[in-house]
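Spelled out from the first residue to the last, the chains are:
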Amino acid sequence: YPGEAFYSQFSLIPSLQLNFPISRVFRGWGTNLAFLDNLSGFTFFDAAILKRDTTRPARFLPSWGGGLQLSTELLFLPVTFSAEFHRGLNLQFKGKSDFFIQVMATGLNF
């Protein structure tokens, strides 16, 4: 439900996620400082149940999705590339499809 704000006094968000390996690369290219580690996939289903007050019914906002993740090491820095698809199922509250690509660098200690 991108771009939507929901306010509630009570929320319950059950979630199920399945991660699975596709390929374990574990190699670099000669002496280059770029190494591919793992290619994995994931799929998920979750459902937010939001209760704002006692006078209004609870909102039920289910969604599902999946994607691919490639973990790498670039110049000794762990970086993960991800391509993901998310789908909000409740069209009454503007649930829609969303595809995005992200790059996450982890292990930065300042």
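Residues numbered from 1 in each chain as written. Predicted model: local features only at pLDDT ≥ 70, side-chain atom pairs only at ≥ 80, totals over all residues. Heavy atoms only, no water.

**Some points on unusual backbone geometry**
- Even without being a glycine, K94 presents a positive backbone phi close to 65 degrees.
- Its place among the elements puts K94 in the loop between β5 (77–88) and β6 (97–105). (Helix = DSSP H or I, 4+ residues; strand = E, 2+ residues; numbered from the N terminus.)

**Section: the confidence of the model for the chain**
- Looking at the chain as a whole, the pLDDT averages 84, with 87% of positions reaching at least 70.
- The secondary structure element of the chain with the lowest average pLDDT is strand β2 (residues 15–28), at 83, and the one with the highest is β5, at 91. (pLDDT = per-residue confidence, 0-100.)

**Some details on the side chain of S82**
- Residue position: S82 is located in strand β5.
- Judged by relative accessible area, S82 falls into the buried class, the value being 2%.
- Among the polar contacts listed, one links the side chain of S82 to the side chain of E84, at a separation of 2.8 Å.
- With residues near it in sequence (within four places) discarded, S82 still touches L68, Q69, F100, I101, Q102 and M104. (Buried < 20%, exposed > 50% of the residue type's maximum accessible area, 1.4 Å probe, protein only. Polar contact = N/O pair within 3.5 Å; in protein donor to acceptor, adjacent residues only side chain to side chain. Contact = heavy atoms within 4.5 Å.)

**So, the environment of F60**
- Relative to the helices and strands, F60 is located in strand β4 (residues 59–74).
- Take F60: its relative accessible area is 43%, and that puts it in the partly exposed class.
- Sequence separation of F60 and A47 is 13 residues, and the distance between their C-alpha atoms is 6.8 Å.
- Here F60 is in contact with A47, A48, I49 and N90, once residues within four sequence places are set aside.

**Focus: the pattern of salt bridges**
- Tallied over the entire structure, the rule returns one salt bridge.
- Notably, a salt bridge pairs R56 with D53, separated by 3.9 Å at the nearest N-O pair.
- On the accessibility criterion, D53 (23% relative accessible area) is partly exposed. (Salt bridge = Lys/Arg side-chain N within 4 Å of Asp/Glu carboxyl O.)

**Considering the pairing of β5**
- Relative to β5, β4 is paired through 12 bridges, and the arrangement is antiparallel. Along β5, the bridge assignment pairs G65 with H86.
- Here β4 folds back onto β5, and the loop between the two strands holds two residues, one of which, L75, carries a positive phi near 55 degrees.
- Relative to β6, β5 is paired through nine bridges, and the arrangement is antiparallel. Among the inter-strand pairings, H86 is bridged to a residue of β6, identified as D98. (Pairing = 2+ DSSP bridges.)

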